[in-house]
Amino acid sequence: SFDDNTGIFSDFIKLDFTPNALYYNIFSPNDQKIYFSGIEPSNPFGTLFQADISLLPNVAAVESSLTPVAFFSCRGMRMGPDNKIYSLRTMPGYLARINNPNATGLACDADTNFLQFPVYTTIIPNAPAMFLELGKPALTLRPDTMVTVKDTTICFLENATLQAPAGYQA
């Protein structure tokens, strides 16, 4: 619970999802679900989990609602302006998207291959600032400047118009 007047949190609840190792997380737009990227014993390469926190205060029900909804290694998650959740896959260079993040379980429709990065794009593993944040502005690049194509540099908070050849999406 968060008190808007005092800025104080209270009534903490600890959720235990062991034996899974959970890392990045994000809430669904309606705050009823929480998504975690992590590792489970049966899939050491990465799993996207969903838990139903609308079941609180029944902690056992929330813990038992943990459901794997996709299998990939994740480098962070962000809510897009379209209320879909986007995640940067570390390998092999895709942006994943949860199309219906308010839906329960596999109905969330996690698309692990939503957008493939061009072959000349480099994603540096374990670089904490490499996630391209989606929202306003459309791209926030960290560090300040990143070269994304052979002849174009996009700088922090600059606008850019992207064009793609036939058969590709910009």
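The structure under discussion appears in the preceding block.
Residues numbered from 1 in each chain as written. Predicted model: local features only at pLDDT ≥ 70, side-chain atom pairs only at ≥ 80, totals over all residues. Heavy atoms only, no water.

Engineer: What exactly am I supposed to notice about the overall build of the protein here?
Structural biologist: Per the secondary structure count, the protein includes 1 helix and 10 strands. When the elements of the protein are put in sequence order from the N terminus, they spell out β-β-β-α-β-β-β-β-β-β-β. Out of the 170 residues in the protein, the part that is buried amounts to 32%. Across the protein, the fraction of contacts at a sequence separation of at least 24, relative to all contacts at a separation of at least 6, is 37%. (Helix = DSSP H or I, 4+ residues; strand = E, 2+ residues; numbered from the N terminus. Buried < 20%, exposed > 50% of the residue type's maximum accessible area, 1.4 Å probe, protein only. Contact = heavy atoms within 4.5 Å.)

Engineer: Would you mind showing me how to read the layout of surface pockets here?
Structural biologist: In this approach the atoms are scanned with a rolling probe the size of a water molecule, which exposes any empty space left behind. One number sums up the size of the second largest pocket: a volume of about 310 Å³. Lining the second largest pocket, in full, are Ile13, Leu15, Asn25, Phe27, Ile34, Phe36, Ile53 and Leu56. Counting residues per element, the ones that place at least two in the lining of the second largest pocket are β1 (21-27) and β2 (33-40). Of the residues that constitute the lining of the second largest pocket, the class distribution is 7 nonpolar, 1 polar and no charged. (1 Å grid on protein atoms, 1.4 Å probe; cavity = no way out; pocket = protein on both sides within 12 Å on 5 of 7 lines; lining within 4 Å. Points joined across faces, edges and corners; volume = space filled by probe spheres on them. Nonpolar A, V, L, I, M, F, W, Y, C, P; charged D, E, K, R; others polar.)

Engineer: Just checking my understanding: could you explain the environment of Lys14 for this structure?
Structural biologist: Mapped onto the fold, Lys14 is located in the segment before β1. Sequence separation between Lys14 and Val59 is 45 residues; the distance between their C-alpha atoms is 8.1 Å. What Lys14 contacts, discounting residues up to four positions off in sequence, is Val59 and Glu63.

Engineer: Can you walk me through the pattern of salt bridges in this structure?
Structural biologist: Side chains that differ in sign of charge can pair as their charged atoms come close. The full count for this structure, using the stated rule, is 1 salt bridge. Two residues, Asp52 and Lys33, come together in a salt bridge whose shortest N-O distance is 3.9 Å. Residue Asp52 is found in strand β3 (residues 43-52), and its partner Lys33 is found in strand β2; the two are separated by 19 residues along the sequence. Note on Lys33: relative accessible area 5%, which makes it buried. (Salt bridge = Lys/Arg side-chain N within 4 Å of Asp/Glu carboxyl O.)

Engineer: I keep staring at the sheet that holds strand β8 (residues 110-116) and nothing clicks. Help me out?
Structural biologist: Hydrogen bonding along the main chain pairs the strands of a sheet, whether they run parallel or antiparallel. With antiparallel pairing, the 4 strands of this open sheet are ordered in space as β5-β6-β7-β8. Looking along the sheet, the strands with just one partner apiece sit at the ends: β5 (74-79) and β8. For this sheet, the mean inter-axis angle between neighbouring strands, taken without regard to orientation, is 30°. Here 4 bridges tie strand β6 (residues 85-89) to strand β7 (residues 94-98), and the two strands are oriented antiparallel to one another. Bridging from a neighbouring strand, Leu88 pairs with Leu95 of β7. (Pairing = 2+ DSSP bridges. Axes fitted to C-alpha atoms, helices over the stretch in contact; angles between N-to-C directions.)

Read these as layout, nothing more, since geometry by itself doesn't imply function.
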